[in-house]
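Below, each chain spelled out in residue letters.
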Amino acid sequence: MIKVLTILTLIFGLLSCDRIKRKTEQVTNNVKTRTKEEIERQTKRVVDTILPTFNHDKPDTENNKERFKDFIKVEITPDVKNIYCFDDAIGIDADYMFSFDCNSSTSNKIIEVNGLELDTVNSDNGFYIQHDFDWWNKEKIAKLAKYSWTNGDRFFKYYWYDKKNGKAYFFEFDL
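Since this is a predicted model, take the numbers as computed values, not measurements.

> Tell me about the nonpolar core, and please be specific about residues and values.
Counting 20 residues, the largest nonpolar core has Ile72, Phe98, Phe100, Ile110 and Tyr159 as its most contacted members. Listed by contribution, the elements that provide at least two residues to this core are helix H2 (62-72), strand S1 (81-88), strand S2 (94-101), helix H3 (104-113), strand S5 (155-162) and strand S6 (167-174). Sorting elements by how many residues they give to this core places S2 first, with four residues. Beyond its immediate chain neighbours, meaning those up to four positions away, phenylalanine 100 contacts Phe68, Ile72, Val80, Lys81, Asn82, Ile83, Ile110, Tyr159, Gly166, Lys167, Ala168 and Phe170. Ranked by size, the runner-up nonpolar core spans 15 residues in total, among them Phe86, Ile129, Trp135 and Trp136.

So, in structure tokens, the structure goes:
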């Protein structure tokens, strides 16, 4: 009887050890997966802070949506679509271009949040430092009313809104 009990105790002990080993491996794998995901998330956050990604060749990417929020400073509502953006931040000056669809309400919010005012004095649209893309129509922009803001020195924001087509153009630059 003692031998049978000893054998059963050994069997149950081995089964328990195997179960503990499997559970430990499962917990270890979960911790490794979560740690890897968190490191990737934090790395992306740091890279986006230092060198944000702009996707000029494809609309509505996650990067473009994030840049929209960063630069234009309004939430992306359901009417905001076809977000294209581009940056040229190499050298001592930088410029950022955004084109997107939105309704008049969102356009008015952009004007308000960014402190933009109708610019009837400055006829320079900054076209000489803008870049050429299918989604950035300089000829059409030149015919639209321009809203602008400046810090009084070398930092500027220009904004145009085509009410008829619900198309907005946002240009931020420094010299």
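After that view of the structure, there is still more to cover.
> Can you break down the pattern of salt bridges residue by residue, with the values?
The full count for this structure, using the stated rule, is seven salt bridges. The residue glutamate 66 makes a salt bridge to lysine 69 at a minimum N-O spacing of 3.5 Å. In this pair, glutamate 66 and lysine 69 both sit in helix H2, three residues apart, roughly one turn of the helix. In this structure lysine 69 comes out as partly exposed when scored by relative accessible area, which is 34%. Linking lysine 140 and aspartate 162 is a salt bridge whose minimum nitrogen-to-oxygen distance equals 3.9 Å. Taken together, the positions of lysine 140 in helix H4 (residues 138-142) and aspartate 162 in strand S5 put the pair 22 residues apart, joining distant regions of the chain. Residue lysine 140 is classed as partly exposed on the basis of its relative accessible area, which comes to 33%. For aspartate 162, a relative accessible area of 7% translates into the label buried.

What counts, and at which threshold
Residues numbered from 1 in each chain as written. Predicted model: local features only at pLDDT ≥ 70, side-chain atom pairs only at ≥ 80, totals over all residues. Heavy atoms only, no water. Core = buried A, V, L, I, M, F, W, Y, C linked by side-chain atoms within 4.5 Å. Buried < 20%, exposed > 50% of the residue type's maximum accessible area, 1.4 Å probe, protein only. Helix = DSSP H or I, 4+ residues; strand = E, 2+ residues; numbered from the N terminus. Contact = heavy atoms within 4.5 Å. Salt bridge = Lys/Arg side-chain N within 4 Å of Asp/Glu carboxyl O.

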